[in-house]
Amino acid sequence: MFRRNGSQCVATFAIDEVRVLRKVAGEVVGLLTDGMDHTDPVVSRLFPDIYPDRPDDSAEFRLYTEGDLKTGKIDQAGAILAALPDGDEGEVRLDGEAAEAWLRAINDARLAMGTRLDITAETDLSEELETAVVQDPGSSRVFQLSVYAYLGYLQESLLNALPEID
């Protein structure tokens, strides 16, 4: 997937990959711009309470930091949308700053999807996907787990392609 080419991270995406990345990044933007609901487990995962045992302190901290964090997350998802090919397939070239934005956006998307799919640190993703395929190969869960796995692969390939920092 991603490979290093000089100081850039480069990948060529097929039509389906571009569509999935557009949808995922767009959903993250939508989640953060359509009146965030702090009772939504995904929002809670993306913006965890800094002081879980002190709700008043957490609320005050959120008051001063959430706007900037939210803007950053929207901008990072926007970096994916901006870098994707205009057509249905093509090459993406990322400098170090853009690659870091992609990594943060992919991480946010995986956190959101993982929360919705009830994936935990103990979840064996291969086993989970295999079980879902056996139960109903055409289910939305199979598709969502596949996208989650793909995003993990994409994230790992991008991490491996990043230039080493001296």
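Higher on the page you've got the structure.
None of the values given here were measured: they were computed from a predicted structure.

1. Side note on helix H4 (residues 96-116)
Here is step 1: With 21 residues, H4 extends 30 Å between its outermost C-alpha atoms, agreeing within 8% with the 30 Å of an ideal straight helix rising 1.5 Å per residue.
Here is step 2: Residues of H4 that are buried: Ala99, Ala101, Trp102, Leu103, Ala105, Ile106, Asp108, Ala109, Arg110, Ala112, Met113 and Gly114.
Here is step 3: Buried residues along H4 sit in contact with strand S2 (8-13), helix H1 (15-33), helix H2 (41-46), helix H3 (55-83), strand S3 (90-94) and helix H6 (140-161).
Here is step 4: For H4, the side-chain oxygen to backbone nitrogen distance between the N-cap and glutamate 97 is 3.2 Å, and the N-cap itself is aspartate 95.
Here is step 5: Once H4 ends, the next one or two residues include aspartate 118, with phi positive near 60°.

2. Observations concerning the nonpolar core
Here is step 1: Ranked by internal contacts, the top residues of the largest apolar core, which has 42 residues, are Phe2, Phe13, Leu21, Trp102 and Leu151.
Here is step 2: Of all the elements in the fold, those that place two or more residues in this core are S2, H1, H2, H3, S3, H4 and H6.

3. Digging into the sheet that holds S2
Here is step 1: Within the open sheet, the three strands sit side by side as S1-S2-S3. Their pairing is antiparallel. Of all strands in the sheet, those with a lone pairing partner are strand S1 (3-5) and S3, marking the two edges. For this sheet, the mean angle separating the axes of adjacent strands, direction not counted, is 35°.
Here is step 2: Note: S2 against S3, five bridges, orientation antiparallel. Within the sheet, the bridge partner assigned to cysteine 9 lies in S3 and is leucine 94.

Calculation notes
Residues numbered from 1 in each chain as written. Predicted model: local features only at pLDDT ≥ 70, side-chain atom pairs only at ≥ 80, totals over all residues. Heavy atoms only, no water. Helix = DSSP H or I, 4+ residues; strand = E, 2+ residues; numbered from the N terminus. Expected span 1.5 Å × (residues − 1). Buried < 20%, exposed > 50% of the residue type's maximum accessible area, 1.4 Å probe, protein only. Contact = heavy atoms within 4.5 Å. Polar contact = N/O pair within 3.5 Å; in protein donor to acceptor, adjacent residues only side chain to side chain. Core = buried A, V, L, I, M, F, W, Y, C linked by side-chain atoms within 4.5 Å. Pairing = 2+ DSSP bridges. Axes fitted to C-alpha atoms, helices over the stretch in contact; angles between N-to-C directions.

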